Amino acid sequence: MLEYVTALQDGTDFTAIPNLWVKKDGKIFKNGIRPNLEDLDSLPFSDKELVRPFPHLWKDGIGYFMTARGCPLDCNFCFNHAQREIESGPNVRRRSAENVIRELKECKEKYGFRYIAFQDDIFLLQPRWLKYFLPLYRDEIRLPFHCHSIANLIRQEEHFQWLSEAGCIRIFFAIETGNEVTRRQLLNKTVKDEDLFRAAAMCEKYGIEIVSAIIIGIPGETVESALETVQKTIDTRVHCMICSFFMPYPGTELGDRARQMGLFEGNFDDEHPREACGIVGVFGHPEAAKLTYLGLYALQHRGQESAGIVSSDGRQLYTHRGPGLVADVFTESALKRLAGHMAIGHVRYSTAGSSTQENIQPLVANYKGGGLAVAHNGTITNAPIIRAELEDRGAIFQGSTDTEVLVHLIAQAGTNDFDEALFMALLRLRGAYSLLLLKADRMMAVKDPRGFRPLCLGRLGSSYVVASESCAFDIMNAEYLRELAPGEMICFGAQGPISSRPFPPAEQAFCVFEYIYFSRPDSFAATRSIYEYRARLGEQLAEEHPADADVVIAVPDSSVPAAIGYAQRSGIPYAMGLIRSHYVGRTFIEPDQAIRDFGARIKYNAVRSVLEGQRVVVVDDSIVRGTTSRKIVNMLRAAGAREIHMRISAPPWKNPCYFGIDTPKRERLIAAQASDVEMIRQAIGCDSLGFISLEGLLRVMPKTIQYCTACFTGEYPAGQAPVGTFDKQSMERIAK
Ligand code: SF4
C-alpha cells in the first residue's frame with residue numbers, strides 16, 4: 001500500500017506493484033504475490049486520521065490496533081488456511097512489544113482513547129511475548145482492553161491473571177458451534193467443550209467478560225444443532241454472543257464442501273465450462289422408455305443435476321422425473337410405468353433457471369391441443385423478454401427455465417395445427433435449441449437455424465432414435481445415420497419421419513467446444529469422430545508449443561486424446577500421470593479430517609512413479625478460472641515433477657457462453673483478466689504455458705462446418721447474444 005501511495009504521489013507507474021489487481025483499459029491485471037513482510041516493526045503506524053471523519057468508526061473513545069498478522073490454525077471455513085497456500089514467507093508475524101507500546105502511547109495522547117481493542121486473529125498466541133508485553137501495557141498504557149482468542153490456547157491460570165492485571169476486561173472466544181463433534185471434525189477447529197468451560201471459569205474468577213462468536217448456517221446444521229449452540233453459549237455464561245451467518249469462501253475446505261453438497265448455485269473454481277444438457281428420443285419401439293433410459297445413461301456427462309423421461313402409447317403421456325443421476329432417478333418399476341412406443345428423455349445441468357423440481361425436464365404441460373412434453377439442450381437467449389411479455393398477458397409460469405416460454409408460445413399460437421404452432425413459436429426464439437417434443441401421437445426433433453448444439457439421428461431396426469451424441473446409439477445398439485442439419489425439423493408420426501427446413505437460412509455456428517471438450521470422444525459430432533479431431537488438436541498444439549520434456553500426461557478424461565496427439569507428434573512418451581475418480585456422487589461422505597484441496601484431490605490423484613524427477617508436459621482442454629490448474633500444478637510438484645509445461649488444446653477462454661454452456665462471468669475468466677499468457681502462467685505456477693491458437697484450432701477442425709468461437713473471440717453470432725445482463729440467474733430473477 002505504501003508503495004502504491006508513494007507511486008501515486010510521485011506520479012510514477014503503479015501497475016506492476018505485486019499484490020495489486022490493476023484495472024487498465026477496461027481489463028483487470030492480477031499482479032503476482034509478494035512474500036509476506038517479516039519485520040512488522042518496519043511499517044509506519046496506522047494513520048488514524050483517515051478514519052476520523054467517519055463517526056461510526058470513531059466512537060466511544062475506542063482505539064483499534066493489531067499486534068500481529070496471520071493465524072497458524074486450520075479452521076476450514078476461514079480464509080487463513082486458503083491464504084497460506086498462496087503466500088510465501090512466515091504466516092504468523094508479530095510486532096515487538098516496544099513497537100506496539102510506542103504506537104499506543106502516541107495514539108492515547110493524540111486522540112484520547114479510553115479503551116483499546118486488539119483485533120489480531122488470535123491475540124493470545126506466544127505466551128512469552130504476552131508475558132513481556134502485558135506488564136509493559138499495564139504500566140505504560142493503563143487502559144481497559146479486549147482481545148480475541150480460542151479457548152484451548154489459553155490454558156494456564158497465570159495467563160488469565162496477567163491479562164486481568166494488565167486491564168483485559170473482555171475476551172472474544174470463537175466457539176463457532178455448540179456441537180463439539182461438528183466443531184472439531186467438520187470445522188477442523190480443535191477446541192473441546194471442556195476448554196470452553198475451563199476458560200469460562202477462569203474468566204469469571206479474574207473478572208473478565210466473555211463474548212462468544214458463533215456461526216449459524218454451517219453445512220449440515222439443523223434447527224436443533226443451532227439451538228444447541230445457543231444453549232452452549234448460555235451454559236458458558238457469556239456476557240454477549242456475536243452471531244455470524246456462514247458464508248462459503250472460495251479456496252476454503254468448507255466452501256468447497258458446501259458447493260459439493262449443492263448448497264449454493266454456481267461454483268468457485270470450475271475448472272471446465274459445464275455442458276448444459278443431453279436429450280434422447282425413441283420412436284416406434286415397444287421398449288421406448290427403456291432405450292431412452294440407456295441413452296440418457298450414456299449422456300450422463302452432459303448433465304448430472306436431474307433426469308426425466310416422458311413416454312406415449314399413442315393416447316396419453318406418462319412421466320417420471322427426479323433430481324440426481326439417471327441410475328438413481330429410475331427404477332425398474334418406474335420404467336415399466338412409462339408405457340408406449342415413443343419416449344423422450346433429458347439429463348440436465350442448468351444454464352438458465354435453478355435446480356428445482358419444476359425445472360426438471362422434459363417439461364410437461366396440458367393445453368387445449370392436449371398433452372405436450374419438451375426436452376431442450378441449449379439456451380434461449382431472449383427468454384427473459386418473452387416471459388415478461390407473456391406474463392403481461394396473464395400467462396402463469398410453473399418454473400424458471402428458459403424452455404417454458406416455448407410451451408406458452410405454442411399454447412398461445414392461435415392455431416390448432418400443432419406443427420404450425422410449433423413453427424410460429426420457434427420463430428420467436430433466439431439462441432441455441434436442440435429440442436425433442438412429444439405429443440400423444442408424434443415426436444418432433446428440432447435444431448435451431450444456427451445449429452449450435454449437436455443432435456443426431458439413428459436407426460434401430462424399424463425404429464428411429466435421436467440423441468445429443470452418437471454414444472447414446474451405441475449403448476442401444478442403434479445405427480448412426482447423420483447429424484440433423486441446422487434449422488431442420490423432423491416429425492416422427494403415422495406417416496413415418498418427415499424432415500423439413502422451415503426457417504430462413506442462417507450461417508451455421510456449431511459449438512467448437514463440442515469437439516474440444518463437451519462431447520464424449522467415442523461420439524460423432526456433425527458426422528466426425530470426436531476422438532480423431534481431439535487427437536489432431538494435440539498434434540497441432542505440439543507444433544505450436546513444443547516442450548523439452550520427458551513425459552506427456554493428460555488431465556483426464558476429456559484431454560486424453562489431445563495428450564496422445566501431442567505425444568505422437570512430439571515423440572515424447574505418453575503416460576498416465578493423473579488418475580481421475582469417476583465414482584464420486586453428490587452423496588459422497590467426506591472424511592472427518594479436513595484435507596487440503598479436497599475438491600481437487602477427490603477428483604484427481606498424481607502418479608508419483610510417473611512424475612518423480614521428470615519434466616512433464618500436462619495437456620488440458622481449457623482454463624476457465626485457473627484455480628484448478630494451479631491445484632493440479634501443486635499436485636504434480638508434490639508428486640516430484642521437476643518441470644511442468646502446461647499445454648491447452650483450446651485458445652484462451654475470454655468470454656461467457658450464452659448458448660447452452662454454463663460459464664462464469666467475464667470478470668472470473670482468468671484469460672479475460674490477464675494481460676498476457678505469462679500472467680496466467682504466473683498465476684498457475686507452471687514453468688511454461690501454451691494455448692493452441694484460434695487459427696490452429698480452425699485449421700484442424702472439419703472444414704465443412706462453420707463454428708461458433710465466441711468464447712474465444714467475443715464475436716457472437718449475429719442477433720443471437722442476449723440483450724442486457726444475462727446469466728444463469730436471469731430467469732430466476734424474472735420468476736421472482
Ligand atoms: S460461445 Fe464457445 S462454448 Fe458457447 S457455443 Fe460458442 S463455441 Fe461453444
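No experiment lies behind these values; they were computed from the predicted model shown.

### Here's the deal with the domain arrangement of the chain
Move 1: Assigned domains within the chain: domain 1 (62-260), domain 2 (274-509) and domain 3 (529-583 + 592-713).
Move 2: Of note, the centres of domain 2 and domain 3, computed from C-alpha atoms alone, are 33 Å apart.
Move 3: Listed per partner, the contact involves 16 residues of domain 2 and 10 residues of domain 3.
Move 4: Across the domain 2-domain 3 interface, the total number found is 0 salt bridges.
Move 5: Across the domain 2-domain 3 interface, the total number found is 3 residue pairs in polar contact (both at pLDDT 80 or more).
Move 6: A breakdown of the residues in the side of domain 2 that touches domain 3 according to their chemical character gives 5 nonpolar, 7 polar and 4 charged.

### Quick look at empty space enclosed by the protein
Move 1: One pass over the full model with this rule turns up 5 cavities of 30 Å³ or more.
Move 2: Of the volumes computed, that of the largest cavity is approximately 100 Å³.
Move 3: Forming the walls of the largest cavity are 14 residues, and the residues nearest its centre are Cys511, Phe513, Cys657, Cys708 and Cys711.
Move 4: When contributions to the lining of the largest cavity are tallied by element, the ones reaching two or more residues are α17 (513-518) and α26 (710-713).

### Structural notes on the site of the ligand
Move 1: Every residue close to the ligand is listed here: Arg453, Cys511, Val512, Trp653, Cys657, Phe659, Ile661, Cys708, Ala710 and Cys711.
Move 2: Class assignment for the residues of the shell around the ligand results in 9 nonpolar, no polar and 1 charged.

### Things to note about the pattern of salt bridges
Move 1: Under the criterion given, the structure shown has 35 salt bridges.
Move 2: The shortest N-O distance in the salt bridge between arginine 387 and glutamate 391 comes to 3.3 Å. One end of the pair, arginine 387, and the other, glutamate 391, are both in helix α13 (residues 383-392), 4 residues apart, so they sit about a helical turn from each other.
Move 3: The partly exposed category is assigned to glutamate 391, whose relative accessible area is 30%.
Move 4: Between aspartate 550 and arginine 615 there is a salt bridge, and its shortest N-O distance comes to 2.7 Å. Taken together, the residues aspartate 550 in the loop between α18 (530-544) and β28 (551-554) and arginine 615 in strand β31 (residues 615-620) connect sequence positions 65 residues apart.
Move 5: Among the charged side chains, a network of salt bridges with common partners joins Arg302, Arg453, Glu469 and Glu514.

### With respect to the pairing of strand β9 (residues 209-216)
Look at any regular strand and the pattern is simple: side chains alternate between the two faces of the sheet.
Move 1: Strand direction decides the pairing type here: strand β8 (residues 168-176) and β9, joined by 6 bridges, are parallel. In the sheet register, phenylalanine 173 faces β9, and the bridge partner there is serine 212.
Move 2: In this sheet, strand β10 (residues 240-245) lies alongside β9 in parallel orientation, the contact comprising 6 bridges. For isoleucine 215, the partnering residue across the bridge sits in β10 and is serine 244.
Move 3: Tracing the backbone out of β9, into helix α8 (residues 223-235) and back to the parallel element β10 gives a crossover that is right-handed.

### Topic: helix α22 (residues 627-638)
Move 1: With 12 residues, α22 should reach 16 Å at 1.5 Å per residue; the first-to-last C-alpha distance of 17 Å fits that figure.
Move 2: Within the span of α22, buried status applies to Thr628, Ser629, Lys631, Ile632, Val633, Met635 and Leu636.
Move 3: Glycine 640 lies just past α22 and shows a positive phi near 100°.

About the criteria used
- Residues numbered from 1 in each chain as written.
- Predicted model: local features only at pLDDT ≥ 70, side-chain atom pairs only at ≥ 80, totals over all residues.
- Heavy atoms only, no water.
- Domains from an automatic or database assignment.
- Contact = heavy atoms within 4.5 Å.
- Salt bridge = Lys/Arg side-chain N within 4 Å of Asp/Glu carboxyl O.
- Polar contact = N/O pair within 3.5 Å; in protein donor to acceptor, adjacent residues only side chain to side chain.
- Nonpolar A, V, L, I, M, F, W, Y, C, P; charged D, E, K, R; others polar.
- 1 Å grid on protein atoms, 1.4 Å probe; cavity = no way out; pocket = protein on both sides within 12 Å on 5 of 7 lines; lining within 4 Å.
- Points joined across faces, edges and corners; volume = space filled by probe spheres on them.
- Helix = DSSP H or I, 4+ residues; strand = E, 2+ residues; numbered from the N terminus.
- Near = heavy atom within 4 Å.
- Buried < 20%, exposed > 50% of the residue type's maximum accessible area, 1.4 Å probe, protein only.
- Pairing = 2+ DSSP bridges.
- Right-handed = clockwise from strand over helix to strand, strands pointing away.
- Expected span 1.5 Å × (residues − 1).

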